[in-house]
Amino acid sequence: MVGQRFISLLENHPWFEVVTVAASPRSAGKTYAEAVEGRWKMDTPIPEKVKDLVLLNVNEVEAVSATVDFVFSAVDMTKEEIKAIEEAYAKTETPVVSNNSAHRWTPDVPMVVPEINPQHMDVIPFQKKRLGTERGFIAVKPNCSIQSYAPALYALKEFEPKEVVVSTYQAISGAGKTFKDWPEMVENVIPYIGGEEEKSEQEPLKIWGHIENGVIVKCEDGPKITSQCIRVPVLNGHTATVFANFGKKPTKEQIIAAWENYRGIPQERNLPSAPKQFIRYMTEDNRPQVKLDVDFENGMGISMGRLREDTIFDYKFVGLSHNTVRGAAGGAVLCAELLTDMGYIQKK
């Protein structure tokens, strides 16, 4: 599903053009339209330019990399297979921008939300030295579910978030499913998503970390996060409920101002996929809602609401993000735009 979202988002991209699609050996040799027949999950039709592209075998690394300047990676393989194949592509001097989780904890691989930690791209020269490359490297984006709350907490960094309790209510598209192919999710809630709680608690700490001796060291004095992650009967959109304590308790007005005014390099440099407003605050009691708000800023912005003081914690609030746009393919496209802007991705 993330691969399909990449194809859709890149249809009219001003900087990037899809020239090659690679897939498993069982799909190689088919046209893209044939390979996804009956399995196309996007609302918009398959882009005409991609329909007739003949799929290459993703394992034929040299042949695929010879056709492109860089690759987006969203593959269904084991973690070890993904690690190996992404490094193999990087070693052909082809940058890899990955949606997969395999390299998120590789110490010299930047895991970036472009508005939060673009400086982590500075670790790439150290990674290139390890890989023995001039041009090739791997960069990744973080887990989809943390997008609903990690940026909101980071925007409040000056107030020193200390303890955070977060519950995420995650859409079925996060598992690559629609209701058609996951009918048991209709009118159902599943209180477990494998590996998700560990990612929710730990990945923000790498994002808030710093580069030391050629690797990214996670933030030891960042907030302690505990989470529960629940699958809910929603197609697109991850909602998070958050309770937070601060070292320097802000006012409600200070929090809203920090969110609404938050800007990063993507906004300053006007990158093509960057939302004009990254974080917005909604004042209505019943917002944000998935049906009304998930497509804010074409799915690249995040919506916050229901901010109020709590009886146990300092504050509680609700966040919403689009899990396959900002949380997956769109976030990776924005990373590639940032890497291009910084000079790490260039024509071969």
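Procedures and definitions
- Residues numbered from 1 in each chain as written.
- Predicted model: local features only at pLDDT ≥ 70, side-chain atom pairs only at ≥ 80, totals over all residues.
- Heavy atoms only, no water.
- Buried < 20%, exposed > 50% of the residue type's maximum accessible area, 1.4 Å probe, protein only.
- Helix = DSSP H or I, 4+ residues; strand = E, 2+ residues; numbered from the N terminus.
- Contact = heavy atoms within 4.5 Å.
- Pairing = 2+ DSSP bridges.
- Axes fitted to C-alpha atoms, helices over the stretch in contact; angles between N-to-C directions.
- 1 Å grid on protein atoms, 1.4 Å probe; cavity = no way out; pocket = protein on both sides within 12 Å on 5 of 7 lines; lining within 4 Å.
- Points joined across faces, edges and corners; volume = space filled by probe spheres on them.
- Nonpolar A, V, L, I, M, F, W, Y, C, P; charged D, E, K, R; others polar.

### Concerning helix α1 (residues 2-9)
Of all eight residues in α1, six are buried, a share of seventy percent or more. Here α1 has its buried residues at Val-2, Gln-4, Arg-5, Phe-6, Ile-7 and Ser-8. Contact partners of the buried residues in α1: α2 (32-35), α3 (48-51), β3 (71-73) and α12 (325-341).

### Comments concerning the sheet that holds strand β13 (residues 315-321)
Ordered in space as β9-β6-β10-β13-β12-β11, the six strands form an open sheet in which the pairing is mixed. Only two strands of the sheet have a single neighbouring strand rather than two, namely β9 (224-231) and β11 (279-282). Strand-to-strand twist of the sheet, defined as the mean angle between neighbouring strand axes without regard to direction, takes the value 20°. Bridging between strand β6 (residues 161-170) and β9 involves eight bridges; their strand directions are parallel. Following the sheet pairing, Ser-167 is matched in β9 by Gln-228.

### So, empty space enclosed by the protein
For the structure shown, the criterion picks out one cavity of 30 Å³ or more. Its volume calculated, the largest cavity comes out at about 30 Å³. Along its surface, the largest cavity is lined by Val-112, Val-113, Pro-114, Lys-141, Pro-142, Gln-147, Arg-326 and Gly-331. For the lining of the largest cavity, the residue count by class is four nonpolar, two polar and two charged.

### Points about the sheet that holds β3
Taken together, three strands build an open sheet; the order of strands is β3-β4-β5 and the sheet is parallel. With one partner strand each, in any of the chains shown, β3 and β5 (138-140) form the two edges of the open sheet. The mean angle between the axes of side-by-side strands here comes to 25°, regardless of whether they run parallel or antiparallel. Inspection of the sheet shows strand β4 (residues 96-98) paired to β5 by three bridges, in the parallel sense. If you follow Val-97 over to β5, its bridge partner there is Ala-139. Taken strand by strand, α12 contacts β3, β4 and β5, and its axis lies near 150° from that of β4.

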